[in-house]
Amino acid sequence: MFASISSFSSILKSSLFKPKKIVLLLPEYNSELPMSQKVLLNATEINIALNRLACQLIEKHDDFSRTVLIGIQPRGVFLAERLKTLLETEYKIKNIKLGYLDITFFRDDFRRGEKPLEANKTNINFMVEDKNVVFIDDVLFTGRSIRSALTAVQSFGRPLEIELLTLIDRRFSRHLPIQPDYRGRQVDAINGEKVKVCWKENDGEDAVYLVKS
Amino acid sequence: MSELSVNHLLGIKYITEADIQLIFETADHFKEVINRPIKKVPSLRDITIANLFFENSTRTKLSFELAEKRLSADVINFASSSSSVTKGETLIDTVNNILSMKVDMVVMRHPNPGAGVFLSKHVDASIINAGDGAHEHPTQALLDAYSIREKLGDVAGKKVVIVGDILHSRVALSNIFALQKIGAKVKVCGPKTLIPKYIDKLNVEVETNLRNALEWCDVANMLRVQNERMDISYFPTTREYTQQFGLNKKILDSLNKEIVVMHPGPINRGVEITSDVADSKQSIILEQVQNGVAIRMAVIYLLASKIKHHED
């Protein structure tokens, strides 16, 4: 379909200005590639997506006085922190509440995987009772993490409403009826492929890759 | 490293330093969980745990039961006084009968040393030793070391003295193993009659003068005088024991440093420790109890994660 890397990246670039356009990544295309990973978003594109997501959040949540952001551990935390910084510095919104939620003990695959589950830190030092909660995660895949997060957050009170923001939405991979309210980019990847989100502060660069297994 | 090296917790002797650190890290997470408005996680909702107490216990049993319930496990309790054990049933028969009701894990306290080890060889379930005679009480040692870590930041390099009846104490033995494995220095202090004969084989120094021991240590773990285990007289009178080895405010204040005071409970107030010391800010006795739930949740969670899920 897409014969070369350059035509692919030109499609990526053109789609920048039409965020709703879907990037189709077909298996035949990947099998021709000598590299095992492909850039889905570069640093500039991530930055544009982050700004758009921040603006969409402001549209809905105004001054964030009744809203709390919750980054899903482990990988959602970087995105959540980026958005918080962006909202504070670029859009001058003060007192944004950001917490981290670890879902390990709420997962539905305990004792089912080969590897044991490893927990991360939960840090929610504010009330979620009657608040608008925005879950933030880097990739929405099967939706199982979000299901676990929905249960986990109940331990901290009864939120008024919960929304989901995700940088990458792997849309045909859902196991559960869960959809994002805000998405950076929609991606169609086959099950064997992996979407890897890299952050400067953790991985040395801002980029999103599609990795072939 | 995110998995225990063992399938049972029979004693600290059988686990590694990495296991202890993994249990501590997991307990950190559970300590946060038990301070939430809703203190419960659903991880173990398909696990059933039997608490078999062939010997009396209040706090350990409550602590285990609470830990199990906070992990959403199904719990059944058993006390030997109200069971067929009094009718002459053997331990393996008793446990196998309980296991045939589809129990995944057994928490057992037993008066005989080695009961847990014996059981683990004969039944198909994960065993947690909640105290076996004068042998080991691993979860108590873990929560003690965890409480030291929480209070002093680290256990490695710290000096801990265990005071009292070392001879009959499973807490002492498990504590010695645990503290040494994670790099603390351990001394024991008590009347010579209550110090085991071959204690030097464990690389533990013996001190018979309480003041010297306290001046050396960062942490003093005061053990209970276990009158029920003393078949003969090990010291002339309780009063004399208190004078020699009891911890009081006067001796504590006369030290030129602030040491941490611990006690595994139940306290004989006025015997091994006076009330004002037990309730002072140097004492972390109640923190130990709170940490007990987090540590037991961690142990149960980590052992349960090694029980593979079956489709049938």
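All figures in this text were calculated on a predicted structure; none of them were measured in a lab.

Q: Just to check I follow, could you spell out the environment of Gln 244 of chain B for this structure?
A: Inspection of the secondary structure assignment puts Gln 244 of chain B in helix α8 (residues 238-245). Along the chain, Gln 244 of chain B and Asn 209 of chain B lie 35 residues apart, while their C-alpha atoms are 7.7 Å from each other.

Q: Could you clarify how one ought to interpret the sheet that holds strand β4 (residues 126-132) of chain B in this entry?
A: The strands making up a sheet associate through hydrogen bonds between their backbones, and the pairing can be parallel or antiparallel. Residue and element names in this part refer to chain B. Spatially, four strands are ordered β2-β1-β3-β4 in an open sheet, and the strand pairing comes out parallel. Across the chains shown, the open sheet's two edge strands, defined by having one partner strand only, are β2 (74-79) and β4. Strand-to-strand twist of the sheet, defined as the mean angle between neighbouring strand axes without regard to direction, takes the value 15°. Sheet analysis places strand β1 (residues 48-53) next to β2, joined by six bridges and oriented parallel. Residue pairing for β2: Ile 49 is matched across the bridge by Val 75.

Q: Help me understand the domain arrangement of chain B in this model?
A: Many analyses report the size of an interface as the accessible area lost when the parts associate. All names here are of chain B. As assigned here, chain B comprises domain 1 (12-136 + 290-304) and domain 2 (138-284). Using C-alpha coordinates to define each centre, domain 1 is positioned 25 Å away from domain 2. Tallying the contact residues gives 21 residues for domain 1 and 19 residues for domain 2. Of all the secondary-structure elements, those providing two or more residues to the side of domain 1 that touches domain 2 are α1 (17-33), β4 and α11 (285-304). Broken down by class, the residue content of the side of domain 1 that touches domain 2 amounts to nine nonpolar, six polar and six charged.

Q: Got a minute to help me understand the sheet that holds strand β9 (residues 260-262) of chain B in this structure?
A: Residues and elements named next belong to chain B. With parallel pairing, the five strands of this open sheet are ordered in space as β7-β6-β5-β8-β9. The two strands at the open ends of the sheet, each matched to only one other strand, are β7 (205-207) and β9. With strand direction ignored, the average angle separating the axes of adjacent strands in the sheet is 25°. Each of β5 (159-163), β6 (185-189) and β8 (219-222) is contacted by helix α6 (residues 170-181), which is oriented at about 160° to β6, the strand it contacts most.

Q: Could you clarify how one ought to interpret the pairing of β5 of chain B in this entry?
A: Consecutive side chains of a regular strand alternate in pointing toward one face of the sheet and then the other. All names here are of chain B. With four of its five residues buried, β5 lies for the most part within the structure. With respect to chirality, the unit in which β5 leads through α6 into the neighbouring parallel β6 is right-handed. Sheet topology places β5 next to β8; four bridges connect them, and they run parallel. Paired with Val 160 across the bridge in β8 is Val 219.

About the thresholds
- Residues numbered from 1 in each chain as written.
- Chains lettered and ligands numbered in written order.
- Predicted model: local features only at pLDDT ≥ 70, side-chain atom pairs only at ≥ 80, totals over all residues.
- Helix = DSSP H or I, 4+ residues; strand = E, 2+ residues; numbered from the N terminus.
- Pairing = 2+ DSSP bridges.
- Axes fitted to C-alpha atoms, helices over the stretch in contact; angles between N-to-C directions.
- Domains from an automatic or database assignment.
- Contact = placed C-beta atoms within 7 Å.
- Nonpolar A, V, L, I, M, F, W, Y, C, P; charged D, E, K, R; others polar.
- Buried ≥ 20, exposed ≤ 12 C-beta atoms within 10 Å, placed from the backbone.
- Right-handed = clockwise from strand over helix to strand, strands pointing away.

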